[in-house]
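Geometric and topological summary
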Amino acid sequence: MSILLESQIKSLRTEGLLLLVEDAERRIGSHVAGGDPVEEYVQNQRYILDLVQEELKRRGAN
């Protein structure tokens, strides 16, 4: 799944990447705020954030 996710992230425009960051951050926040968070879910969202950050760095969009 990670290869598919990586290729999908690479195909997004920069605006889409920024929206994905916002979405993942909100998902983490609402999941944790709900109490008794599932760590695997949070880790998956953080993984997405890491992939996006790497892609933005690769593009030079800091």
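These notes cover the structure that comes with them.

Calculation criteria
- Residues numbered from 1 in each chain as written.
- Predicted model: local features only at pLDDT ≥ 70, side-chain atom pairs only at ≥ 80, totals over all residues.
- Heavy atoms only, no water.
- Helix = DSSP H or I, 4+ residues; strand = E, 2+ residues; numbered from the N terminus.
- Expected span 1.5 Å × (residues − 1).
- Buried < 20%, exposed > 50% of the residue type's maximum accessible area, 1.4 Å probe, protein only.
- Arc of directions from axis to C-beta.
- Axes fitted to C-alpha atoms, helices over the stretch in contact; angles between N-to-C directions.
- Parallel < 35°, antiparallel > 145°, perpendicular 65-115°, else oblique.
- Left-handed = near helix turned anticlockwise from the far one by under 90°.
- Contact = heavy atoms within 4.5 Å.
- Nonpolar A, V, L, I, M, F, W, Y, C, P; charged D, E, K, R; others polar.
- Core = buried A, V, L, I, M, F, W, Y, C linked by side-chain atoms within 4.5 Å.

1. Description of helix H2 (residues 14-33)
The end-to-end C-alpha separation of H2 is 29 Å, in line with the 28 Å expected for 20 residues at 1.5 Å each. For H2, the complete set of buried residues consists of Leu17, Val21, Ala24 and Ile28. Take H2 and look down its axis: the buried residues cluster within an arc of 70 degrees, on one side only. Turned more than 90 degrees from where H2 packs its buried face, Leu19, Arg26, Ser30 and Ala33 sit exposed. Phi turns positive, to about 85 degrees, at glycine 35, one or two residues after H2.

2. Comments concerning the packing of helix H1 (residues 2-11) against helix H3 (residues 39-59)
Packing of H1 against H3 leaves a shortest axis separation of 10 Å and a crossing angle of 45 degrees. Between H1 and H3, the angle is such that the two are oblique. Relative to H3, the crossing made by H1 is right-handed. Every residue of H3 that contacts H1 at Ser2, Leu5, Glu6, Ile9 and Lys10 is listed here: Tyr47, Ile48, Leu51, Val52, Glu55 and Arg59. Looking at the contact of H1 with H3, its residues break down into six nonpolar, one polar and four charged.

3. Examining the side chain of glutamine 45
Inspection of the secondary structure assignment puts glutamine 45 in helix H3. Discounting residues that sit within four places of it in the chain, glutamine 45 has contacts with Ala24, Arg27 and Ile28.

4. A closer look at the nonpolar core
Nonpolar side chains tend to gather and get buried jointly when the protein is soluble and globular. In terms of nonpolar packing, the biggest core is built from twelve residues, these being Leu5, Ile9, Leu17, Val21, Ala24, Ile28, Val42, Ile48, Leu49, Leu51, Val52 and Leu56. At the level of secondary structure, the elements contributing two or more residues to this core comprise H1, H2 and H3. Here this core takes six residues from H3, the largest share from any one element. With sequence-adjacent residues up to four places away left out, valine 21 is seen in contact with Leu49 and Val52.

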